[in-house]
Amino acid sequence: MAYELPPLPYDYAALEPHIDEATMKLHHDKHHQTYVTNLNGAVEKHAELGAKSPEELIKDLASIPEDVRKVVQNNGGGHVNHTMFWQIMKPHGGGEPSGNIGDQIKTDFGSFEEFKKLFNETTAKQFGAGWGWLIFEGGKLKIVTTANQDNPLSQGHYPILGNDVWEHAYYLKYQNKRPDYLAAWWNVVNWDEVNKRFETAKKK
Ligand code: MN
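Residues numbered from 1 in each chain as written. Predicted model: local features only at pLDDT ≥ 70, side-chain atom pairs only at ≥ 80, totals over all residues. Heavy atoms only, no water.

1. Considerations on the pattern of salt bridges
The condition is simple: Salt bridges are defined as contacts in which a side-chain nitrogen from Lys or Arg sits within 4 Å of a carboxyl oxygen from Asp or Glu. Remark: exposure states derive from per-residue accessible area (1.4 Å probe, protein chains only) relative to the maximum for the residue type, with buried under 20%, exposed over 50%, and partly exposed in between. Under the DSSP-based scheme used, a helix requires at least four consecutive residues in state H or I and a strand at least two consecutive residues in state E, with every element numbered from the N terminus.
A complete count under the given rule lists six salt bridges for this structure. Close ionic contact of Glu137 with Lys142 constitutes a salt bridge, the shortest N to O distance being 2.9 Å. Owing to a relative accessible area of 33%, Glu137 belongs among the partly exposed residues under this scheme. The closest approach of N and O atoms between Glu193 and Lys196, which form a salt bridge, is 3.5 Å. Residue Glu193 and its partner Lys196 are located together in helix 8 (residues 191-203), separated by three residues, close to a single helical turn. Using a relative accessible area of 18% as the deciding quantity, one classes Glu193 as buried.

2. Describing the sheet that holds strand 3 (residues 161-164)
Stated formally: In short, DSSP must find at least two bridges between two strands for them to pair. Axis lines are fitted through C-alpha atoms, for helices just across the contact stretch, and the angle between N-to-C directions can take any value from 0 to 180 degrees.
Strand order in the open sheet formed by three strands is 2-1-3, and the pairing between neighbours is antiparallel. The outermost strands of the open sheet, each flanked by one partner alone, are strand 2 (140-147) and strand 3. Taking the axes of each pair of neighbouring strands and ignoring which way they run, one obtains an average angle of 20° across the sheet. Across eight bridges, strand 1 (residues 130-137) lies against strand 2 in antiparallel orientation. Within strand 2, the position partnered with Ile135 by the bridge is Lys142.

3. Regarding the domain arrangement of the protein chain
Heads up, the condition is: Each domain span listed reflects an automatic or database assignment of domains. Accessible area that two parts lose when put together, with a 1.4 Å probe and added across both, is what the buried area reports. Whenever two N or O atoms come within 3.5 Å, that pair is a polar contact, provided that in protein one can donate a hydrogen and the other can accept it, and provided that, for residues adjacent in sequence, both atoms are side-chain atoms. In this count, Pro and Cys sit with the nonpolar residues alongside Ala, Val, Leu, Ile, Met, Phe, Trp and Tyr, while Asp, Glu, Lys and Arg are called charged and the others, Gly among them, polar.
The domain boundaries assigned to the protein chain delineate domain 1 (21-87) and domain 2 (99-203). With centres defined by C-alpha atoms, the gap from domain 1 to domain 2 works out at 20 Å. Buried surface at the junction of domain 1 and domain 2, both sides included, amounts to about 1,600 Å², of which 58% is carbon and sulfur. When the buried area of domain 1 at its contact with domain 2 is split by residue, Asn81, Met84 and Phe85 rank highest and sum to 34% of it. Viewed at the interface, domain 2 and domain 1 are joined by zero salt bridges. Counting every contact that joins domain 1 to domain 2 gives 10 residue pairs in polar contact (both at pLDDT 80 or more). Of all the elements in the fold, those that place two or more residues in the side of domain 1 that touches domain 2 are helix 1 (21-44), helix 2 (54-59) and helix 3 (66-87). Ranked by the residues each element gives to the side of domain 1 that touches domain 2, the list is headed by helix 3, at 10 residues. Classifying every residue of the side of domain 1 that touches domain 2 gives eight nonpolar, 10 polar and two charged.

Laid out in structure tokens, this is it:
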């Protein structure tokens, strides 16, 4: 198998009460596993692809053989997105953003509160399944959304953070109330990891 499901870096119940144990189990063990399984299925047909990292695959979708391109876009994206997602959350996370990302958020959005408001509003409006992202473009932070499992890497942008707004990410606990999930999610953000990603984004 070219690609493997990374273990969740904390217990399934560790993000309670903001993200419930049942959601985490399904999300990691079933949804993320399915992306990995489908990605492995696609690269079996083209052995040269399996030598690339999942990030490399989705960075240059035009180079992927056409018969598996959509499968790689969806499932390679799903694998990369969720691998990041588990890492940028942690138990007892949240609070005000620390370090350089905290400073940049103040510079570009005025305050953390203003940033959160704009991120939540923008992401709440993503129609159907998708993600809300923070990227760094032209020396400024920018909030964008993508549909399905599309990742900003495919448009040349390194995602600093992203929140999953597929219904599978919140429906068991929040049902149709996506804005409540979005508001609660900030309580589990791992700002140390987001700062590391910001440093990487700045070097791109
Ligand atoms: Mn998901």
